[in-house]
Each structure stands twice: as structure tokens, then as C-alpha cells.
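# Examining the three-dimensional arrangement
Here is what each chain is made of, one letter per residue.
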Amino acid sequence: MWEREIEMHQSLSISPINWQELEAIAGAESVKTLEQADPKWSQAIARAMGAGLQPPQAIVFPDSAEKLAEVMTCAYKQGWRVLPCGAGSKLTWGGLIQAADLLVSTARLNRLIDHAIGDLTITAEAGVRFADLQHQLAQANQFLALDPAFAEQATLGGIVATADTGSLRQRYGGVRDMLLGISFVRADGLIAKAGGRVVKNVAGYDLMKLFTGSYGTLGIVTQMTFRVYPQSEASESVLVQGEVAALEQVRSTVLRSGLTPIAMDWLSPPLASQLTDAATTVPALLLKFQAIAPSVTLQVQRVKELAQSLQLAAIGLTGDLETQLWQQLQTHLAAANQPDQTICKVGVLPASATLWFQQLERLAPKGFGQIHAASGLGRLVFTEPVEANLLLTLRRFCQEHNGFLTVLQATPAIKQQLDPWGDVGTALSVMQLVKRQFDPNGVLSPGRFVGGI
Amino acid sequence: MLAPEKNATQRNWQPIIQEFITVLGEKGVVRRKEELLVYECDGLTSYRNRPALVVFPRSTEEVSQAIKICARHQLPFVARGSGTGLSGGALPEDDSVLIVTSRMNRILNIDLENQQVVVQPGVINNWVTQAVSGAGFYYAPDPSSQIICSIGGNVAENSGGVHCLKYGVTTNHVLGLKLVLPTGGIVDVGGSLPEMPGYDLTGLFVGSEGTLGIATEITLKILKTAESIKVLLADFTSVEAAGATVSDIIGAGIIPGGMEMMDNLSINAVEDVVQTGCYPRDAAAVLLVEVDGLAIEAEENARRVEALCYQNGARNVQMATDPEARLTLWKGRKAAFAAMGKMAPDYYVQDGVIPRTKLEYVLGEITKLGEQFGYYVANVFHAGDGNLHPLVLYDNAQPGALEQVEALGGEILKLCVKVGGSISGEHGIGADKRCYMPEMFSETDLETMQWVRQVFDPDRIANPTKIFPTPRTCGEAARSHAAEQFKEIERF
Ligand SMILES: Cc1cc2nc3c(=O)[nH]c(=O)nc-3n(C[C@H](O)[C@H](O)[C@H](O)COP(=O)(O)OP(=O)(O)OC[C@H]3O[C@@H](n4cnc5c(N)ncnc54)[C@H](O)[C@@H]3O)c2cc1C
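Computed from a predicted model, the values in this text were never measured in an experiment. (Residues numbered from 1 in each chain as written. Chains lettered and ligands numbered in written order. Predicted model: local features only at pLDDT ≥ 70, side-chain atom pairs only at ≥ 80, totals over all residues.)

With that settled, the discussion passes to the overall build of chain A. Scanning chain A from terminus to terminus reveals 16 helices and 19 strands. A principal-axis box enclosing the C-alpha atoms of chain A has dimensions of 70 × 55 × 40 Å. Out of the 453 residues belonging to chain A, those deemed buried represent 60%. Within chain A, counting contacts between residues at least 6 apart in sequence, those at least 24 apart form 72% of the total. (Helix = DSSP H or I, 4+ residues; strand = E, 2+ residues; numbered from the N terminus. Buried ≥ 20, exposed ≤ 12 C-beta atoms within 10 Å, placed from the backbone. Contact = placed C-beta atoms within 7 Å.)

Residues and elements named next belong to chain B. The sheet built from four strands is open, its strands ordered 1-2-4-3 with mixed pairing. Strand pairing shows two members of the sheet lacking a second neighbour, strand 1 (29-30) and strand 3 (77-80), which therefore form its edges. Two strands pair when backbone bridges link them, and strand 3 and strand 4 (residues 97-100) are joined in this way by four bridges, in the parallel orientation. By the bridge assignment, F77 is partnered in strand 4 with V97. The strands touched by helix 3 (residues 60-73) within the sheet are strand 2 (53-55), strand 3 and strand 4, with strand 4 carrying the most contacts at an inclination of about 170°. (Pairing = 2+ DSSP bridges. Axes fitted to C-alpha atoms, helices over the stretch in contact; angles between N-to-C directions.)

Residues in a regular strand point their side chains to alternate faces of the sheet. Residues and elements named next belong to chain A. The element strand 6 (residues 121-125) is largely enclosed, with a buried count of five among its five residues. What you see with strand 6 is no split at all: T121, T123 and E125 on one side and I122 and A124 on the other are buried throughout. Pairing analysis gives four bridges linking strand 5 (residues 112-116) to strand 6, with the strands arranged antiparallel. Bridging from a neighbouring strand, L112 pairs with A124 of strand 6.

Further remarks concern the interface of chain B and chain A. A common way to report how large an interface is uses the accessible area buried once the components associate. Of the residues lining the interface, 69 residues belong to chain B; the matching set on chain A comes to 71 residues. For the side of chain B that touches chain A, the secondary structure elements donating two or more residues are strand 9 (186-190), helix 7 (201-205), helix 8 (239-251), helix 10 (295-311), helix 14 (437-440) and helix 15 (443-456) of chain B. No other element matches helix 15 of chain B, which puts eight residues into the side of chain B that touches chain A. Of the residues assigned to the side of chain B that touches chain A, the class counts are 27 nonpolar, 29 polar and 13 charged. (Nonpolar A, V, L, I, M, F, W, Y, C, P; charged D, E, K, R; others polar.)

Now for the site of the ligand. All names here are of chain B. By nearness alone, 40 residues border the ligand, and G81, G89, G152, G153 and G210 come closest of all. If you list the elements that add at least two residues to the shell around the ligand, you get strand 3, helix 5 (151-157) and strand 10 (214-221). Top element by residues in the shell around the ligand is helix 5. It accounts for five residues. Across the shell around the ligand, the residue classes break down as 14 nonpolar, 20 polar and six charged. (Near = placed C-beta within 6 Å.)

Moving on: the domain arrangement of chain A. Residue and element names in this part refer to chain A. With domains assigned, chain A is organised as domain 1 (7-107 + 430-452), domain 2 (112-230), domain 3 (234-332) and domain 4 (334-422). On the domain 3 side, the residues contacting the six residues of domain 2 number six residues. Along the lines of polarity and charge, the residues of the side of domain 2 that touches domain 3 split into two nonpolar, two polar and two charged. (Domains from an automatic or database assignment.)

Moving on, we come to the packing of helix 8 of chain B against helix 10 of chain B. Helix packing for two helices is described by the angle between their axes and how far apart those axes are. Residue and element names in this part refer to chain B. The interhelical angle for the contact between helix 8 and helix 10, taken along N-to-C directions, is 145°, at an axis separation of 9 Å. Crossing of helix 8 against helix 10: the hand is right-handed. In this structure, helix 8 contributes T245, D248 and I249 to the contact, and helix 10 contributes V305, L308 and C309. A class-by-class count of the residues in the contact of helix 8 with helix 10 yields four nonpolar, one polar and one charged. (Left-handed = near helix turned anticlockwise from the far one by under 90°.)

Moving on: unusual backbone geometry. All names here are of chain A. A positive phi angle, near 60°, is found at N141, a position not held by glycine. Exposure remark for N141: the 15 C-beta atoms within 10 Å place this residue in the partly exposed category. Of note in the backbone geometry, Y215 takes a positive phi value of approximately 50° without being a glycine. Residue placement: Y215 occurs in the loop between helix 8 (207-211) and strand 10 (220-227).

What follows is about the sheet that holds strand 19 (residues 404-409) of chain A. All names here are of chain A. Strand order across the open sheet formed by eight strands is 15-12-14-13-17-18-16-19, with antiparallel pairing between neighbours. Sheet topology places strand 15 (313-317) and strand 19 at the edges, where each strand pairs with a single neighbour. Between one strand axis and the next, the sheet turns through 20° on average, direction left out of account. For strand 16 (residues 342-347) and strand 19, the ladder comprises five bridges, and the chain directions are antiparallel.

Structural data, given as C-alpha cells:
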């Protein structure tokens, strides 16, 4: 059994929100009850907090970092517990919130500050939607090399807070590798920054890394600078299916070859079946190549030859078909407005992926599983109700293979039965001290993060 | 320039030394003055300070024991790898214990299947590539000091190299760390996979310059060697044209493995010394571009880069594919720093970053600053990521020269910040640039960073005066100086 540490936010009683004060800071139209704002907020909160707890009394949408800072100063003085959010698409991810008096949304902090095209960087406010940013970048033939869940709704701030990306990790790394600078409002309402706007910079501590994946527990990021990449001239994907042992050979051959897939994912049989509209009982490997056209053609050809030599089926996909396939994959791995899905982030040593799929097949044959072949990170999704015990068993397996299983989205009932984060090892005490230093009163997203932080 | 002898402190070192000997053995503790001499400075030789004691632990446990002794007696300690740092990061603090990792030099595990290697901190950077190159892998971050600098030092400085444009710097290649905290406690952060649950303490530690503890085990990602590599050397009659070419290459969607530029002064310095014959003396600038990937891709990209060079007015573009020919083209660039040593008795290397698109403007301003101060400034830099290394040539024998050159260096840093850049791209802040931190960061920014330090090192004993400005250290001007003792090794 695990114990939730709530000493930092012991007082679970309500601190009444002072509406006049908030309205004076943010403007009357920027302060709302959850119901006034949009029914989606109440629904999300019900799942983020679990039953029996008071939902936040208000949601505030400051339209500048300065106003957000003033809101936080006010909250700090009044002792309001604050749940930061963007568009709210991942509000339910992570541990159950123990208490929240106020939702602070960055949705109106949505200015694009600077797209330095020649420098391959973009600076934007936290509430800018990922989709809008990509649209902007596409006009210059560039893109942000992230493929987060709920790409249409997700804001940049939410993506950073949850370190959420997907298959593109293969070539580009994670959110942490993309983030060059941040500004944030601290728990006490002061605005601070770290990093900068250039692609190389070692001045000062790398607070970008600290904030990436910190789930709104350390401060509220208001602005960020990302590294961006030029779009490639050609793109093609290959779906390889067949015997697991042969697929494993494809994986290890590709990783040891000069081939440079920008994505290479293992997909569990149900997921592969969904994508191909043909029932299958074996996992698949999905590879994506983006480069200059002759290189893409050659790489795809090599993969197909390799597959053939191993008696595996390989289908090449380009154009709309390719785009659709990857979109479908995203949807299966995190569908918007499907609160009943259980979504986990998982990790196993890359070479253990096939074992992991065997385990999954045995214990949860319907699970949608995806593992990035190079990093060993991935997703596990259940569209039907699951038992906490199953998740715990799978977690144990991941841990035995140097990995983890984090329950991002699940019913409050499940989250009450297990620690969504699991054990984080010897560094937990340091993490708790970091939290205490940045948020001494424990008012930011209490309970949402590892070890009850 | 030796600092004046410190007043002897009240501390009775004898029993403390005994404690260290008990833990580390006689051989693990150095305290004779003449033996301490080499540890007075790192690559920034104009800053010197004698440590009270130098210790050589061999294991995580011994590091922990040593730090516990420091903590018990509230002795400041400074970690040191190979001492090649260029910002005074390993400069001993007053009355401090220097903890040298050179005996922790084992590669602990090589896991090719999962493409990772676990090393002790004293392992030298290029040993890692050597250990895995037979299987076709390499460790990407390649500081030009890579034949001597330690992985622990790389981690602490978040070091870069010529090939970091495409593949990233140290922080993008570290998966996990075993740390001994300044309290002596041992924790594991990160692991064998990226993005382990919890705060990214691995990412926070990388680049923390020895102020958050000592890394005693480091898990590194290794990459597959590219199938083909091509190097191009283009010469231009104007710096603007070379700069425009850099922008065009990036604009064309090509991300070279590395992209380096040298100006006329550097070209001539190099030709004086190594006579490569491939760097035209009358060129205003040369651009070196390395492209890699599948053969077909490297070829095509090399062709495109070549065309862009000519479009921008390059007079000549040379191309090399086989390793030897590639080395020849790189040779001048690699010898650039050493060559400066022949041009002037001393040189001072600066490390600033600017947005790539501000290159022409900043180079023009640097020339003006040089004229204003009366010094030649040669420019050798990582053009691809805007990381400048202006080299100020001077003669330290002239009274006041160092101070003037330092002031010039400071102006260059301020210029970098003014155009939206940074005061360090890869050498770190250390003791050298801490007084320029307020140019980039507000008091609140710095206070927030200090929160991190407060968590890891509440007693302020780990490299306590580094990175952040203090009234005491920044009363006097920041000092900097080229690394005399590493003259023979090229520097980037
Ligand atoms: C000729 C020359 C060329 C260079 N070229 C480059 C280059 O191309 N790119 C580049 O980025 N740098 C370059 N440098 C700078 C330097 O080599 C790097 O900063 C290098 O990473 C330092 O490694 P080191 O082992 O010498 O560290 P040291 O100088 O011994 O220490 C550097 C810092 O790391 C800390 N430290 C050391 N070990 C540990 C540990 N285990 N845990 C925690 N902290 C630790 C120290 O306290 C200190 O603050 C060059 C230097 C020289 C002299």
C-alpha cells in the first residue's frame, strides 16, 4: 500500500475566493464560475479531483503574464490553492488533486512573440495552441518536432507541463530537448525566467528541464522558446507485420544500420488491427522516414527488402494515407472527450519491448500498446474498464525492465487504488525538497505529482 | 598571475587530513604544497587558488565519505575532472578540498542492444567512442578537448562540440546519474530511459558546474555512426556572404552535422602555422560544412550546400569524403586556437552566443570594439548555432593589457546579450563570468535558480562561489585568460 503525503497541503478546508479582487486584477469578463466558463471544466474537475472534494470556486483567464502574476500574488497572500491549466485537455492527467480553490488558465495568454525563422526558434505564450503554432510554422516550412496527445486542443504550456510527445522522440528527443527558454510565475507571484532564445546556452541552471513534466506543481509557465526544425521534402511510412521474432530482427537491424527513421514504433496487435482494418494477433512495427526524396525512397526500399527476407509483410504509405494513419494512431492512443479511457505512459528497456508485448498479450489482450523502438517509451491505452491490479502487474513488469508505468488518465476510483506514479526511487526526497522550495505552502496542484507532491 | 598568499586560517587541518586518510588511504590524499601546485587552476590559468587538500576517491562510496567529512567540518569542496574547463569552474575555493575524479575512470557497462553506456566520471570523453566504435556506435558530444576532458566535467559544463549542431550537446545524451549530494547522501536520478517519472533532476544537474554535488556514475546514450560523411570548405570574399550562406543552408532545410566559420585573421594565422594550403589567405571568411547520413543523402546535401555557397559568391568550394581528405579540410579549423599562440604572446578566448541571423552585425561590432580597445580580434566559431569564440590577441607582459582585454571581452558578452543571445554557449559561467549573469538575468531569476542550490546544498559547500554573482566576487572585474597549458590542443 502506498501512502499519500499530504502534509504540505493539510488544510483541506476551503479558502473563499475574493471575486472583487480577482476581477479588479484580471477584468470582470476574465473571472468565471466553472459552469459559466464551459461545462467541460466541471467535468474535467470531477475526474481530476475525485468525489467528495470541493471543486474550485472560480476559473480565471488572465490575458497577460503580468495579470497572471498579480492573480498569483493575490492567491499567495490569501492562501488559495491553485490548479494551473491551459485548455484543460490534460487536466485529468496525473494524481488526484487534493484541493483547489482556483483554476488559473493560460488560455488567453496566446500571443506569438517571435518566430525567428532563420534561427529556427519560436517564442510564444503558454496558451498558444499547438495546432496554431504548427500552422504558423508551416508557413515557413518549419515545424515543432512534437506529437502530443489531443493536438487540436493542447496548449504549449500543457505540453511542457506534461512532457507530452510521441513517436517523433525517435529522431528529435522529448519536450525537454526542444525547450530553450521559459518565463514563469512563481507560487509567490513573482515572474522569473531561465534559459534564453538561442539554440545553445549554458548560462545558469536549466530550469527548463525542471519545469518540463512538472505538472503545474512548481509554477505557471507563461512563455517559452522552442527549437524548431525545417520540414523535410519527402515522407513515407512503412508498416511491417508478422512473427514477433522476425520483427525484433527488423528493429535491431534498423537501429544498427545507417537508416534514419524519424519514428519507429511497436504497436500491439489490437492497435495494429485498428490501423489496418484487418484482425491480427501479432504486433507490428511502424516506421516513418522523412528526408530528401531519394533518401526516403531508398530507406523504405531497404526496410521492405529486409522485411521480405524475413517473411514479413510490409506496406508503404505516403500522402494522405500516411497522414491519416498517424492521426488514427494518435486518436487511438488518446482520444479527446473519452474520459473513460485509461491512458498510461510506459517505459521499458528498448530491447525488452517484445517481452513487454508478450506480457500485455497474456494479461490484457485488448490493450492498445505502443513502444518507441529506440527510447523504450510509449503508451498503453484501455478503452474498456480495467482493474487497478492489472495496471500494478504491468507496472511491476516495466520496472523489472528498468522502466515505469504512469497512469495519466483513469477513473478516480482507479487512482484511489494505486499511486498513479509509482515508486520514483531514491531521488524522491530531493524532489520533495524542490517542491517545498518552489511552493512552500503547497498551493500549486496539490497531490498531482509523484510521492504526493 | 598568482593570487597573494592567503592568510593562514585558524582551522586545524591535521585531524581532518587523518579522517580523509582513514577513508581514502594515504594515496588518496595529497597535501604537499608542491603537489598541490598543479591543482591551483583549471584551463582558465589567470585565476589561481591553492586548495588545502586534494583527494582522489575511487568509488561512489568514497566520494560520499569524503563529502560527509567536508559537510561535518563545513569545508567547501570543489569537484575536478581533468581541469580543462575554461571558466574557472574547478578553481579551488579558499580553504577547500578538491575532489578529483581521475581514479574513477572505469567504463562500467556497455549495452549495445539498448544503446547506452554507464561510465564513472573520470572516464575521458573519447574513450566512450573508442569503446563502442568497433560495433559502429559513437558518443556524439565532441568537445575539442575530448582526448583529455572527463565525462564528469562534460556533464557539469553541459559541453558541446563541433558536431552538436545536428545531434545536440551533453544534456541531450545523458539518461541518468548517480549523484553524491553535498550532504553526502547518494541518489539516483533519471535511469536507463529518458523521461522517468518525477522532476527531471538529470536535466537540472547537467550544466550545474559542480554546485549541486558530484556525479559518480553517468548513463550515456550512444548513436549509430552515419553511413557517409562529407566535408565542404568554401571561401568567400566577404563575411556577409559566408553568413548568408549559413542562413541559406539552414533555410533550405539542411541540418549539417557541423558548420564552422573562420575570418581572415584566423585563416592567416592558421596558414602561417599549419600551411594547409586549402585556406586562401585573401579570403574574408571560410566556411566548413559537414553533412552526414545515408550516402545518397550526404551526397545530395553536399551538392546542395555547394550550390548555395556558389550562389552566395563563394570563389571556390572543396569537398572531401574519405576520412583523410576530410581531416585535411578540418585541420586548419582544428589548429586555429593553437595558431593564435603564434600570432601573439597571449590570447583570450570568449564564448558567447547570438541568434545566427545577427552574425554579420555582431562580427562588425566586434571588429569595431577591437579597434576601439586597440586589439586584434580573430573569430572562429560554430556558425551553425551562433556560438562565437572571439579570440583577442594581446601581450600579457604589457602592464594593464589583461585588464583591458577582459574589459573588451565583457563588452563582447554584453553585445551578445543585447542582440538576444547568451554569455556562454558551452564553457560555463564558473568563476569567470558570474559577474555578467545580471546582464542576462534579473534578481528574481537568479534568486529562483539559487532555490535549486538551496535544495541540494543548504550549507553552501559545493563550489560555493561559482556561477552566481556575489558582492564580494563582483566588486572586482571578472577575469579571464587563455589556457596556457593546453596550447597544443585545438579549442572550439
Ligand atoms: C583545449 C581546450 C579545448 C576545449 N574545447 C571545448 C569544446 O570544444 N567544447 C566545450 O564545450 N568545451 C571545450 N573546452 C572546455 C572544457 O574542456 C570542457 O568544459 C570540459 O567539459 C571540462 O572537463 P574537465 O574534465 O576538464 O572538467 P574540469 O575542468 O575538471 O571541471 C569542470 C567543472 O565540472 C565540475 N565537475 C567535474 N567533475 C564533476 C563531477 N563528476 N560531478 C560534478 N561536477 C564535476 C567542476 O567542479 C567544474 O565546475 C575546451 C578546453 C580546452 C582546454
